[in-house]
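# Report on the structure
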Amino acid sequence: MFDFDAGDDLDLIVETARSFAGEELSPRLRDHESARSVDAGVRAKFSEIGLAGLELPEAAGGAGLGSLARALVNEELGAADAGAALALDPLGAALYPLLELGDEGTLRELALPLLEADAARALLVCEDDAALVGSIDSAGDRITGSVPWVPSDRCDLLVLLGRESAVVVREGVRLEPLHGSGLRAAGASELRLDEAPVLARWRGRPGAARAMARARIHQASLLLGVLRQAADFSRQYALERQAFGKPIAHHQALAFLITDMRIAVDGARLLLHEAAWRLDTAEGGEAAAAAAYAEAIDASLLVGPNGVQILGGHGFMQDYPVEKWMRESRALGLALGGLDAAREDAGRALCDGAEKSSFATFSFGEAV
Amino acid sequence: MEFEIDDAMRERLAVVRERGRTEARPKGLEADRLGRPIPVDDPYFKTLIERGEGRTRWPGPDGKNRETGAKSTRTTVMALLSAEEFAYWDRGVGVAQPGPGLPEGNVLSMGTDEQKERFLSRFLEPDRPRWACFGMTEPSCGSDAAAIQTTARKDGDGWVLNGAKCFIGGASRADWILVQATLDPSKGREAHRAFFVDQGTPGLGGFKIEKKMGLKAYESTSFSLQDCRVPDENLLGGEARYQQTAGFKTAMRTFNAGRPVIAANAVGIGRAALDEALAFAGDHDMLGRERVRDRLERSARKLKLARLMCLKAGWLADAQKPNILEASMSKALAAQVGQEATSLGMELLGTVGARGDHLIEKLYRDVKAMDIVEGTGQIQRVIMARHLVQLPR
Ligand SMILES: Cc1cc2nc3c(=O)[nH]c(=O)nc-3n(C[C@H](O)[C@H](O)[C@H](O)COP(=O)(O)OP(=O)(O)OC[C@H]3O[C@@H](n4cnc5c(N)ncnc54)[C@H](O)[C@@H]3O)c2cc1C
């Protein structure tokens, strides 16, 4: 049966994330941005509430939840500060190849130590975003190449994800700091690999595809949070700001823009939740995740710049956060191969019928 | 019909291009990296002054300072082509240029001879880089310019100004600021007056250079006026002029002439992003992909049509024909397609765009202001709608 409720358990987690984000992250938005890191006290509080292990299996001491939980939590964190959200999560999307492709010892050896360390960061880079000598599928035991940008100033573990395999690297990773267009609370660097030894290599197309899908949910939900906040902040501003004798929100041109922004955000959220749910219930969902990321990026093109627009000249100034959200909503849409790769995957599935596409995409009941 | 420019225009444009490439682009990137406006004493400004730039269009008391060169290069169309080309290299540096800037038009059309002499003659052969600026926007009102709250109160042989202005380009470095104020906030536009306020006048202060998302090469500055006293002679046009009705229209006239310029700026920024995107896509073997080609084609098409719209607005102005609709249309459209071009550029760059050190990323931040200054995109549509469907005020 249809049910758009997340359920009490998830609601509780979301509420925890929301109050943490509102109390700890939002007020320090600009501080974290200029410090390129999250305040130690805030990090400690984040550890306490236990969100770092959200998707770790229970056997590994985590909450054993899936992509839907991640999507809901990330929306809350992203609404406060997507950069800080990345900084706070030691495993991030790098967890997915470990879960989907790795073996039993993987988590124990590679992931759990990062949860213990202070401010550790595992990074996921998809092969589309990296300039590598050779592909990660090739058999060599060393890897050389570069990644133009990672939202981090450190790398405790690097997972490179390709279409058919994933490679883990820990040594031989060099980071050169960058200014970064956004998400600076997480840092910003160019990443270089110079004959870095391959620590582990796993193969498997389905696992790689699932890891990619979960990473897209992760990214899309942070983006969604930013968009929700940009839309809502500017909506509220528009109710207070007066021009021509009434709140600017009551000029229809702006009122309709505000409504369209809301449509974009709510629409993107529905695709996201459906895709996450599909991934969690192991019924495929890779194409749906690609479509959800594509839709979130689409929405960002409307919502990011118009968040600034609604504040007029004030929006262009850094005294307000909307300019930050415009920059960051764009940056969040550039990773994992960006819009093109997402549309490619979603379009392929539709046209190749790989996922019984018309069934999954358009209709319920039996496919015709 | 003809869609070509003549040799004189081409030559003029080539000069702008060369200066844009060698000077404006590097200066703009530097200011962006350092996150501050180009300093007043930067040698770049001195070079401009030595080269004869940063001057007034005012013919001077004896009428000798006439513009020279071919007639075609003294047209609005030429000004728009130059504005586009300069913005292609760096729009922020364009605004940072010394000179009488935005208020010059008002002074030329409304000022008394004595005021032109007093406020513009220093720009005839400036001894050093000098600026002037126009202060309209206030913290609580921008689009609704009729609602400004800065007051002017008559006091003996002068005026006393009180209020606050924000986002005023070049305010802290300007020799004088043309401040828009009202005699009575309840009376709307007919009570508006413009006053020359000299830098250093007691009561003028509290300058705050804003931190902006983009266009960092020039300062956008907020300031306040506290019992700031200016003499009678500083009322633009003198009192007699206002016995008629002109108050608010002065400011609006400036904005009318300005809209196609902002549109041209937006096209220039968009074109720069498109060129960078094409180069990047070429270097990365992306041009063979239909998905990429389609979007580049669309962007190029929209930019070109925005440019034509903007030139049409300028051409109408040159022919002294009404261009209100075209001016607003060009700005509404150009700001949008300029923004889309930079956003597409980011998309094609992928993670390279997120590094924060690629020109397209800067253009993405810069271009947003084109939909805000000189009447936001919404206001352009309101203006058009007043004409097209008599949208009530
Ligand atoms: C980089 C920069 C440089 C600037 N330089 C100068 C300068 O040199 N001198 C100067 O005087 N000013 C300057 N400004 C200010 C600029 O002119 C104003 O920001 C602009 O007019 C918008 O006013 P506002 O910021 O008060 O926005 P508001 O008027 O508060 O508008 C907020 C939002 O409401 C919308 N809105 C308002 N009225 C309506 C309506 N009737 N229907 C639909 N929507 C509506 C607007 O479109 C906007 O989206 C500058 C601004 C910037 C960003």
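Residues numbered from 1 in each chain as written. Chains lettered and ligands numbered in written order. Predicted model: local features only at pLDDT ≥ 70, side-chain atom pairs only at ≥ 80, totals over all residues. Heavy atoms only, no water.

Within chain A one finds 13 helices and nine strands. Overall size of chain A, expressed as C-alpha extent along the three principal axes, is 70 × 55 × 40 Å. A total of 368 residues make up chain A; the buried ones form 56% of that total. Look at the contacts in chain A between residues 6 or more apart in sequence, and 76% of them connect residues 24 or more apart. Surface exposure of chain A reaches about 15,100 Å², of which carbon and sulfur atoms provide 52%. (Helix = DSSP H or I, 4+ residues; strand = E, 2+ residues; numbered from the N terminus. Buried < 20%, exposed > 50% of the residue type's maximum accessible area, 1.4 Å probe, protein only. Contact = heavy atoms within 4.5 Å. Areas by Shrake-Rupley, 256 points an atom, 1.4 Å probe, with all protein chains shown as cover.)

On to the domain arrangement of chain B. Buried accessible area, meaning the area lost when the parts come together, often serves as the stated size of an interface. All names here are of chain B. Considered domain by domain, chain B is made up of domain 1 (7-76 + 93-123), domain 2 (131-248) and domain 3 (253-389). Relative placement of domain 1 and domain 2: their C-alpha centres are 23 Å apart. Taken together, the contacts link 31 residues of domain 1 with 24 residues of domain 2. Buried area between domain 1 and domain 2, both sides added, is near 2,300 Å², and the carbon and sulfur share of it is 65%. Looking only at domain 1, the three residues that lose the most surface to domain 2 are Pro-37, Met-110 and Phe-119, adding up to 26% of its buried area. The interface formed by domain 1 and domain 2 holds one salt bridge in total. Asp-175 is the partner of Arg-122 in a salt bridge, and the nearest nitrogen-oxygen pair spans 3.0 Å. In this assembly, domain 1 and domain 2 are joined by twelve residue pairs in polar contact (both at pLDDT 80 or more). (Domains from an automatic or database assignment. Buried area = accessible area lost by both parts, 1.4 Å probe. Salt bridge = Lys/Arg side-chain N within 4 Å of Asp/Glu carboxyl O. Polar contact = N/O pair within 3.5 Å; in protein donor to acceptor, adjacent residues only side chain to side chain.)

Residues and elements named next belong to chain A. Throughout the structure, instances matching the rule amount to three cavities of 30 Å³ or more. A volume near 320 Å³ is recorded for the largest cavity. Lining the largest cavity are 23 residues, and of these Leu-86, Leu-124, Pro-151, Gln-219 and Ala-335 sit closest to its centre. Sorting the residues of the lining of the largest cavity by element identifies strand 1 (122-126), strand 3 (142-150) and helix 7 (205-240) as the ones contributing at least two each. Per-element accounting of the lining of the largest cavity gives the leading share, five residues, to strand 1. Class assignment for the residues of the lining of the largest cavity results in 16 nonpolar, four polar and three charged. Reported here for the second largest cavity is a volume of approximately 60 Å³. Arg-70, Asn-74, Leu-77, Ala-85, Leu-86, Asp-89, Gly-92, His-218 and Leu-222 are the residues that line the second largest cavity. For the lining of the second largest cavity, the element with the highest residue contribution is helix 4 (residues 67-88), accounting for five residues. Looking at the lining of the second largest cavity residue by residue, the class counts come to four nonpolar, three polar and two charged. (1 Å grid on protein atoms, 1.4 Å probe; cavity = no way out; pocket = protein on both sides within 12 Å on 5 of 7 lines; lining within 4 Å. Points joined across faces, edges and corners; volume = space filled by probe spheres on them. Nonpolar A, V, L, I, M, F, W, Y, C, P; charged D, E, K, R; others polar.)

Glancing now at the environment of A:Arg121. Residue and element names in this part refer to chain A. Residue placement: Arg-121 occurs in the loop between helix 6 (104-116) and strand 1. For the pair formed by Arg-121 and Arg-278, sequence separation is 157 residues and the distance between their alpha carbons is 28 Å. When residues no more than four places from it in sequence are discounted, the contact partners of Arg-121 are Leu-86, Ala-87, Asp-89, Pro-90, Pro-151, Ser-152, Arg-154, Cys-155, Asp-156, Leu-157 and Ala-186. Within polar-contact distance, the side chain of Arg-121 engages the side chain of Ser-152 at 3.4 Å.

A few words on the pattern of salt bridges. Per the counting criterion, the structure on display carries 71 salt bridges over all chains. Put simply, A:Asp345 and A:Arg163 hold a salt bridge, and the shortest N to O gap is 3.1 Å. Note that A:Asp345 is positioned in helix 12 (residues 338-352) and A:Arg163 in the loop between strand 4 (157-161) and strand 5 (165-169), a separation of 182 residues in sequence. Relative accessible area serves as the criterion here: at 39%, A:Arg163 is assigned to the partly exposed category. Between B:Arg51 and B:Glu53 there is a salt bridge whose closest N-O contact spans 3.0 Å. A relative accessible area of 31% means that B:Arg51 is categorised as partly exposed. Among the charged side chains, a salt-bridge network with shared partners connects A:Glu15, A:Arg18, A:Glu75, A:Glu76, A:Arg228, A:Arg262, A:Asp266 and A:Arg269.

This next bit is on the interface of chain B and chain A. With 45 residues of chain B at the contact, the number on the chain A side is 38 residues. Together chain B and chain A conceal approximately 3,500 Å² of surface at their shared face, both sides included; 59% is due to carbon and sulfur atoms. At the junction of chain B and chain A, the tally comes to five salt bridges. B:Arg291 is paired through a salt bridge with A:Glu344; the nearest N and O atoms lie 2.4 Å apart. Where chain B meets chain A, there are 20 residue pairs in polar contact (both at pLDDT 80 or more). Contributions of two or more residues to the side of chain B that touches chain A are made by helix 8 (290-318), helix 9 (324-349), helix 10 (351-354), helix 11 (359-367) and helix 12 (377-389) of chain B. Split by residue class, the side of chain B that touches chain A holds 13 nonpolar, 14 polar and 18 charged.

Let's shift gears to unusual backbone geometry. All names here are of chain B. One non-glycine residue with positive phi stands out, namely Leu-215, at about 50°. In this structure, Leu-215 sits in the loop between strand 6 (204-209) and strand 7 (220-231). Residue class for Leu-215 comes out buried when judged on its relative accessible area of 1%. Phi is positive for Glu-374, which is not a glycine, with a value near 55°.

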